[in-house]
Structure formats: C-alpha cells, structure tokens
Amino acid sequence: MESPQHAIKKADEALLAELGYKQEFKRAFTPLEVFGIAFSIIGLLPSIASVLFYAVPNGGPASMVWGWAVASLFILCVGMSMAELASAAPTSGGLYFWTHSLSSPRCRNLLAWIVGYSNTIGSIASVASIDWGCAVQIMAAVSIGSGQTFTATSAQTFGVYVAIVLSHAVICCLGTAVLARLQTVYVVLNMCLCLAVIIGLPAATPKENMNSASYALGNFTNLNGWPDGYAFILSFLAPSWTIGAFDSSVHISEESSNAATAVPWAIVCAIAIAGILGWAINVSLAFCMGTDVNSLLNSPVGQPMAQIFFNSFGQNGTLALWSMVVLAQYMMGSSMVLASSRQTFAFARDGALPFSSYLYRMNGFTKTPVNTVWFVAAVSIIFGLLSFAGSQAINAIFSLSVTALYIAYTIPVVARFAFKNNFKPGPFNLGIFSFPVAAIAVSYMFIMDIVFFFPTTPQTDVANMNYTVVVLGGILILSIIWYYFPVYGGVHWFTGPVSNIEKLSEENASSIRGSEEKNVQVDIGEAAVGV
C-alpha cells in the first residue's frame, strides 16, 4: 500500500505537470518550514528595528501602536487574496503565472512581463533592505560597545553590507534539505526575541523612562512636517515593510510538500501571527521609549530601537540582546535570498530575463539554482551603492521593496476579477468573501504605492528626495522598452509561462489527480500549457 507521503509527493508533481513544469527541485519543505520561511523573512523584532525610524517621526507612539494595528488588517487582506491564488496554482513563478493565466489574451503577455519584473525587483530590493538593515545594526552594536564614541561611515557600513550579502549567497547555494531545516531554527529564535521584548523590556526599564498609558497609546508627535493624517499613513511603511515579502512561500512552492494547502496557510498564518506579536512589541516600545523622541532619532548609535534598549538594559544587557537581533536579521536575509533566487529562476525559466539561458541552470551537486543566487547577490550589492548618495537614497530601498512588490501583488488579484476567465479555487478558498477582501487589498496597495513615492518631508532637496520612483520607474521603463524593442524585444517572442515538459494527456492527468490527491483542485483561468 502506498504511503500518504508518497501519495502527496506524486500529487504535487502531477499538479505541477499540469501547470506545465517538470519537477526540478527536491520537495524538502514541510508545511511548518514553508511557514518558517515566510515568518523568518518577516522577522518582526529585527524588522521593526530596521524601520522604526519611519514610525517614530510620523506620529510617535500613537503611530507605532495604532498605525501598526490598522495596516496589519489591510495586509492580512492582501495575504488572503494571494493565498487563494497560491492554492489554485502553486508554482515558483506564482504571481506572473497567475497574471498570464487570468488576463485577457490581448494584454496577458505584457502584464505578465510587468509583474515578473516588479516581483523580481521587489524581491531583490527586499534582500538589499534586509541586509542593509543588518549592516546598520552591526554598526550600532559597535557604537554601543565603544561607549557611543564610534560612528560608522557610509563606506564602512557598505563594506559590512557586502560581506553579509556574499555570505548569504554561499549559504543559499547549499542543498534544499539544509535550507529547509534552517527555517525551524529561525522561527524559534524570532519567537524568543519577541517574548524577550514584550516581557523583559517593561520589567527592565527605569521608572523615569516609563510612559503613561495616555502617552504610549495617545501621544501623536509629528516631526516631519506633513499634515497629521498624512503622517499617520506614512507610518504604515514600517508594518508594510516588516510584514512583507510573504510571497516568499509562493516561490518555494515547487520545493514544498502538499503545496496547494501548505503555501496559502503559511502566508495567512505568518501575517496574522506577525500582526499580533508585532503590535505587542510596539506597545512595549511605546511604554518604554521615554518622551524625548528627538534623542532616539539623533542618537549616535544610529538606531532608535537600540537606543531604547540601551536606556533600559544598559550597555551589557543591550549588547547581549542586540546580538540576537542582529542574528535574527541575518537569518532573515538568507531566507530572502533563497526566495528571491527562486523567483529569478522561475522568470529565467520562461526566458524573460537577460542572460536567461545562463540563469536557468540547476547545479548538479546541490540541486539548487546557484547561478540565480549569485545574480541576486550581485544586483543587491549594486542597490547598496545608493548608500554613497546619502541616507535618504539608501532608505529608498525599503520603500522600493514595498512598492515594487505591491505592483506585482495587485495585478494578478485584479486580473482574477477584471477579466473573463475560468478560475477555480484550490483547497484554500474565501468563498463569497473573495471579492470584498480583494477589493480592500487592491485599494490599500494602490494608495500605499502612491504614498511611498513621496519624500520624508514636504520641504525637500536633492539629498533628501525619495529616489524610489527613480529606481523603480527607471527599471520598469527599461523593461518595457526591452519588451517593445524592434526585432529583439519580448513582444516578438515572449508568450508567458513556457512549458518545459510535454503536456500530460487529459486522461492521464485526471487519473493521477483523482487517485493521489482528491482535494487538490486547479484550473486557473486559461492556464493550459503553452498559452
């Protein structure tokens, strides 16, 4: 008698074959480990540390607490809409595959092209922003250890950043089984850090630094000059970046066991747990941060959260806890390189990236796409060069990762409802709530994409401009120019997802699905192989 594990494996391979792809990866990720990669990339405490400088000057404690709560609900809607699509067609290409399958034949190729590039840019920018945040945190630790006499230069921070990116590339060249097992370690460490701050920080904070409930939950400090309502919305970048890149679970669909169920639930659970724990962390910080907001932002440590820890735990306690924060941030980066390399591999598999024939190669020894791993690392290092243009320029990679990914998230969700298609849901299905949840998700992402293109303050100059629109707009414009380029452009040869196997006969595919996994249902639009 066939074991359940073997039956699930065969069902996964049959489902992938119907979507047009052969099984090239080893399916080594259990459902818990699929959740682990999404949750480890979210990171929570180290992520909040990386982007706290967005929330603190745009509303202070009130934005930290209530901005997080409001944004988390909207992000959960985004995740649920994506989870439905992931359940119907779990493939590494995910978003651009869904876009092509659900869109009108008149525009499906162009939309899939745009989504593929936005997703690739956004995922690589996520790598860059996570690793840059890690480099800044390491330099903050050095500053704390020196008695706050050391202040890192841009060149020093960039050097540490390059070392982090390269080390992540080495880790992500390892075999799939090793990478899968690491996710459980990441989840445990993140949970422990969350509890340490939620419980330990209030216990250690001196009474003079403890804030009243009215201050922690109601004080609104606007330092950047935008109207209060708009400043509150700007603070959403902190939760939007932190609870972001959850499409990472989609990009390892072809390495996941029982992907049609494991991937969507990983997305939803990671967002929900992050929303709750993240809110608790922000409440703890708001009660323990003191009232001198300017001192947190202008601290020689260069990290508002590190300064809060220093005020509460002292030098030695802060260094001990901060080292764990840095380690968790480092783990986030390795998980993000893993997910980004899989998205890049999938897009190269369909011939859409420059040097696709080189990028679409599987290493014979590790059975991982080593070439795409190093491609992601190289582009991430190029993004890091923005640090030499000023602090606002490098900070643009945080908003770039959100805006680019939101473009990639929005289009397939809209395509599902805007175009005539034959979408049939998988095991994860919202039923009658699908459309209202999708409408909320799309509206939120559309508004956030506009908001995050604006500079930090209304009075700005060249040094303090938000360069997100320049970087993202420039890359997307170049990709569209290449698409329409005479003779050689994608319009002449790009036809969307390309099958790399011979299409299964309908009878054989139906037989395999019926006997191995009756609960798997996939018929996503016009997702016939070779469309």
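Criteria and cut-off values
Residues numbered from 1 in each chain as written. Predicted model: local features only at pLDDT ≥ 70, side-chain atom pairs only at ≥ 80, totals over all residues. Heavy atoms only, no water. Helix = DSSP H or I, 4+ residues; strand = E, 2+ residues; numbered from the N terminus. Buried < 20%, exposed > 50% of the residue type's maximum accessible area, 1.4 Å probe, protein only. Contact = heavy atoms within 4.5 Å. Areas by Shrake-Rupley, 256 points an atom, 1.4 Å probe, with all protein chains shown as cover. Salt bridge = Lys/Arg side-chain N within 4 Å of Asp/Glu carboxyl O. pLDDT = per-residue confidence, 0-100. Polar contact = N/O pair within 3.5 Å; in protein donor to acceptor, adjacent residues only side chain to side chain. Core = buried A, V, L, I, M, F, W, Y, C linked by side-chain atoms within 4.5 Å. Axes fitted to C-alpha atoms, helices over the stretch in contact; angles between N-to-C directions. Left-handed = near helix turned anticlockwise from the far one by under 90°. Nonpolar A, V, L, I, M, F, W, Y, C, P; charged D, E, K, R; others polar. Expected span 1.5 Å × (residues − 1). Bend = angle between axes of the 7 residues up to and from the residue. Patch = residues over 30% accessible without salt bridge, like charges linked within 9 Å, V, L, I, M, F, W, Y side chains within 5 Å.

**A short note on the overall build of the chain**
Scanning the chain from terminus to terminus reveals 21 helices and 2 strands. Looking at the 531 residues of the chain, the share that counts as buried comes to 58%. Partitioning the intrachain contacts of the chain with sequence separation of at least 6 by distance along the chain shows that 85% fall at a separation of at least 24. Taken as a whole, the chain presents about 19200 Å² of accessible surface, with 68% of it coming from carbon and sulfur.

**So, the pattern of salt bridges**
For the coordinates displayed, the defined rule picks out 1 salt bridge. The salt bridge involving Glu84 is made with Arg416; its shortest N-O contact spans 2.8 Å. Placement of Glu84 in helix H4 (residues 60-88) and of Arg416 in helix H18 (residues 391-418) is noted, with a sequence separation of 332 residues between them. Each member of the pair Glu84 and Arg416 is classed as buried.

**Examining the confidence of the model for the chain**
Averaged over every residue, the pLDDT of the chain is 84; the share at 70 or more is 89%. Here residues 503-531 scores under 50 on pLDDT; set against residues more than four positions off or in separate chains, the count is 64 contacts.

**What to know about the side chain of Thr318**
Summarising the element assignment, Thr318 is placed in helix H15 (residues 304-349). Residue Thr318 is classed as buried on the basis of its relative accessible area of 0%. In terms of polar contacts, Thr318 uses its side chain to reach the backbone amide nitrogen of Phe310, at 3.2 Å. Separated by 2.6 Å, the side chain of Thr318 and the backbone oxygen of Gly314 make a polar contact. In this view, Thr318 contacts Ile144, Ala306, Phe309, Phe310 and Phe313; residues no more than four positions away in its chain are not counted.

**Considerations on the nonpolar core**
For soluble globular proteins, the rule of thumb is that nonpolar side chains tend to be buried together. If you look at the biggest cluster of nonpolar residues, it comprises 154 residues, and the most contacted ones within it are Trp98, Leu285 and Phe309. Element by element, the count of residues in this core is highest for H15, at 18 residues. Other than its neighbours up to four places away in sequence, Leu285 contacts Ile48, Leu52, Met64, Leu201, Met305, Ile308 and Phe309.

**Section: the environment of Pro497**
With respect to the element layout, Pro497 can be found in the loop between helix H20 (468-484) and helix H21 (506-516). C-alpha separation for the pair Pro497 and Tyr96, spaced 401 residues apart in sequence, amounts to 8.2 Å.

**Focus on the packing of H18 against helix H19 (residues 434-451)**
Two elements in contact, H18 and H19, have axes whose closest approach is 9 Å; the angle formed by their N-to-C orientations is 150°. The crossing of H18 and H19 is left-handed. Side by side, H18 and H19 meet where Val402, Thr403, Tyr406, Ile407, Tyr409, Thr410, Val413, Val414, Arg416 and Phe417 of the first sit next to Ser434, Phe435, Ala438, Val442, Tyr444, Met445, Met448 and Asp449 of the second. Split by residue class, the contact of H18 with H19 holds 13 nonpolar, 3 polar and 2 charged.

**Structural notes on unusual backbone geometry**
Here the phi dihedral of Ala245 falls at roughly 55°; this positive angle occurs in a residue that is not glycine. Mapped onto the elements of the fold, Ala245 is located in the loop between helix H11 (237-242) and helix H12 (248-251). One non-glycine residue, Val487, lies in positive phi territory at about 70°. Turning to its location among the elements, Val487 is positioned in the loop between H20 and H21.

**Quick word on H4**
Relative to the 42 Å expected for 29 residues at 1.5 Å per residue, H4 spans 41 Å between its end C-alpha atoms, a close match to the ideal helical length. Within H4, the axis deviates most sharply at Gly67, by approximately 30°. The buried count for H4 comes to 23 of 29 residues, which makes it a mostly enclosed element.

**Some words on the environment of Thr291**
Tracing the backbone shows Thr291 in the loop between helix H13 (259-288) and helix H14 (293-297). Taking the C-alpha atoms as reference points, Thr291 and Gly60, 231 residues apart in sequence, are found 9.5 Å from one another. Apart from the residues within four sequence positions on either side, Thr291 is in contact with Asn211 and Tyr215.

**Structural notes on the environment of Asn224**
By secondary structure assignment, the location of Asn224 is in the loop between strand S2 (221-222) and helix H10 (228-234). Asn224 gets classed as buried once you look at its relative accessible area, which sits at 13%. Along the sequence, Asn224 and Pro57 sit 167 residues apart, while their C-alpha atoms lie 6.2 Å from each other. Excluding anything up to four places from it in sequence, Asn224 contacts Pro57, Asn58, Thr456, Thr457 and Pro458. At 3.3 Å, the side chain of Asn224 forms a polar contact with the side chain of Asn58.

**Observations concerning the side chain of Ser129**
Its place among the elements puts Ser129 in helix H6 (residues 108-145). Classification of Ser129 as buried rests on a relative accessible area of 0%. Sequence-distant contacts of Ser129, that is, excluding residues within four places in its chain, are made with Trp241, Ile397, Phe398 and Ser401.

**A word on the packing of helix H3 (residues 45-55) against H15**
Across the interface, H3 lies against H15 with an axial gap of 8 Å and an inter-helix angle of 115°. H3 and H15 meet at a crossing whose hand is left-handed. In contact with Leu45, Pro46, Ser47, Ile48, Ala49, Ser50, Leu52 and Phe53 of H3, H15 contributes Pro304, Met305, Ile308, Phe309, Trp322, Val325, Ala328, Gln329 and Met332.

**Here's the deal with helix H17 (residues 370-384)**
Between its terminal C-alpha atoms H17 stretches 21 Å, which fits the 21 Å expected from 15 residues at 1.5 Å a residue. Along H17, the residues classified as buried are Val370, Asn371, Thr372, Val373, Val376, Ala377, Ser380, Ile381, Phe383 and Gly384. Residues of H17 that are buried make contact with H6, helix H7 (154-171), H15, helix H16 (356-359), H18 and H20.

**Quick word on a nonpolar patch on the surface**
Among the surface-exposed residues, Ile477, Leu478, Ile481, Phe485, Val487 and Tyr488 lie close enough to one another that they form a single nonpolar patch of about 670 Å² accessible area. Positionally, Ile477 belongs in helix H20.

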